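Descriptive structure summary
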Amino acid sequence: MSRLNAQETEQVVKLKAEQTAEQKTEQEYQWLDTMHQNIASSVNSSALWFDDFFALKDFDNREEAYGEARIRLGWEPRSRQLNEFETRIKISVKLPNLKNRADLVLSDYDDDRPNNDIQASGSNESVEKNRFSLAIRWRSSPDSGLSHRLGVGRRLQAFVKSRYRNSHLLSEKTNLRWETSAYLYSSDGLGANFSWQLDYNASTHSIFRWNNNYYFRDRTNDWLWQHSWQKLTQFNEKNALIAGIYIEGLSRPNYHLDEYLISLRWRKNTLRKWLFYEIEPFVLWRRDEQFSASYGIALRLEGYFGDI
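I will try to describe carefully the structure that is included in this document. (Residues numbered from 1 in each chain as written. Predicted model: local features only at pLDDT ≥ 70, side-chain atom pairs only at ≥ 80, totals over all residues. Heavy atoms only, no water.)

1. Considerations on the packing of aromatic side chains
What counts here: Each aromatic pair joins two rings of Phe, Tyr and Trp (for Trp, the six-membered one) with centres within 6.5 Å, and gets the label stacked for planes under 30 degrees apart, edge-to-face for over 60, and tilted for any other angle. Throughout this description, buried means an accessible area under 20% of the type-specific maximum (1.4 Å probe, protein chains only), exposed means over 50%, and partly exposed covers the range between. In this text, helices come from DSSP runs of H or I with a minimum length of four residues, and strands from runs of E with a minimum of two, each type numbered from the N-terminal end. Geometrically, a charge over a ring is one whose NZ (Lys) or CZ (Arg) sits within 6 Å of the ring centre while staying within 35 degrees of the ring normal.
Under the defined criterion, the tally for this structure stands at 14 aromatic pairs. The interplanar angle of 45 degrees and the centroid separation of 5.6 Å between the aromatic rings of Phe 194 and Trp 196 together place this pair among those described as tilted. Residue Phe 194 is classed as partly exposed on the basis of its relative accessible area of 34%. Judged by relative accessible area, which is 24%, Trp 196 ranks as partly exposed. For the ring pair Trp 196 and Trp 210, a centre distance of 6.4 Å and an interplane angle of 85 degrees mean the geometry is edge-to-face. Of this pair, Trp 196 sits in strand S8 (residues 189-203) while Trp 210 sits in strand S9 (residues 206-217); the two residues are 14 residues apart in sequence, bridging distant segments of the chain. A relative accessible area of 34% means that Trp 210 is categorised as partly exposed. Joined through ring pairs, the aromatic side chains of Tyr 164, Trp 178, Phe 194, Trp 196, Trp 210 and Tyr 214 make up one cluster. Taking NZ or CZ as reference, Arg 154 lies 4.1 Å from the ring centre of Tyr 185, over its face.

This is how it looks when you write it as structure tokens:
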């Protein structure tokens, strides 16, 4: 009994120490709170403006529009390529005056691409052609898997796009997510993609993940394909580790591999709930470099500006 009381006392002391450390951190970095509040306020002001623009007469809506933004800054140096920088911005605006069936999405990258694809590969072709996108996204209902977009993107081309997403629980530990989409750009022409993701929950803190993505491009009349195998481990609420193998290639002039990569990504929540950083050492092999190993490390900082 005394041993149990001693363990409980130790846990209480440890919890109080952690709470004290968190309070001290919040007091030391007040400028972070000011920056977060200014950016979030600016995004919400834009959301209110857009929502008022779509307001309908005689439609009494008591829900207030809001917006959220994600900003990522990264430096991904590797041997033979030290000036690889990554900037990602995505702003999403909810429009209740359209009955929460539509929102406005602005990003400087193709946000439909998987979050865990070859980020440190240095393959800029697909990145450059998707640098900016502004679109209205419409759903028949807020929780519908089918959505449609109308906007501008890929060097300010007008485009329309339809996408369907769904997921299936195959077992208590296995989940399948898949999506398919088709789109038309004013200059690049037709395109389509199909992808699926299989997750296996090995434990409460560990997931094995298999990603498969296929993108058809009418402009080049070929398929861009990507496969990855990952193990995601969450140590606690603030620390996670992703170990992965990634391969990417094209279907023309024949089905071939263009690059492959292995990496170990550590993601940590720091200072505030909305702030994260990543450290990702990796090794990359590319066809245009004769598959000679290139060693690098990716350093990223990401902030979320919205309701937490």
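2. Topic: the pattern of salt bridges
Worth spelling out the cut-off: We define a salt bridge as a side-chain nitrogen of Lys or Arg found within 4 Å of a carboxyl oxygen belonging to Asp or Glu.
Applying the stated criterion to the full structure yields 26 salt bridges. Its salt-bridge partner being Glu 302, residue Arg 70 comes within 3.7 Å of it at the nearest N-O pair. In this pair, Arg 70 sits in strand S1 (residues 66-75) while Glu 302 sits in strand S14 (residues 294-305), placing the two residues 232 residues apart along the sequence. The shortest N-O distance in the salt bridge between Arg 155 and Asp 188 comes to 3.2 Å. Remark: Asp 188 occurs in the loop between strand S7 (174-185) and S8 and Arg 155 occurs in the loop between strand S5 (146-153) and strand S6 (157-169); sequence separation between them is 33 residues. Looking at Asp 188, the relative accessible area reads 6%, which means it is buried. Connected via shared salt-bridge partners are Arg 70, Arg 72, Glu 76, Glu 86, Arg 88, Arg 265, Arg 267, Glu 278, Glu 280, Arg 300 and Glu 302.

3. Some words on the pairing of strand S4 (residues 133-139)
For clarity, the cut-off: DSSP bridges decide pairing: two strands pair if at least two such bridges lie between them.
Only one face of S4 is covered, namely the one carrying Ser 133, Ala 135, Arg 137 and Arg 139; the face carrying Leu 134, Ile 136 and Trp 138 has none of its residues buried. Here strand S3 (residues 102-107) runs beside S4; their pairing, made up of 6 bridges, is antiparallel. Along S4, the bridge assignment pairs Ser 107 with Ser 133. In this antiparallel pair of consecutive strands, S4 and S5, the connection spans 6 residues.

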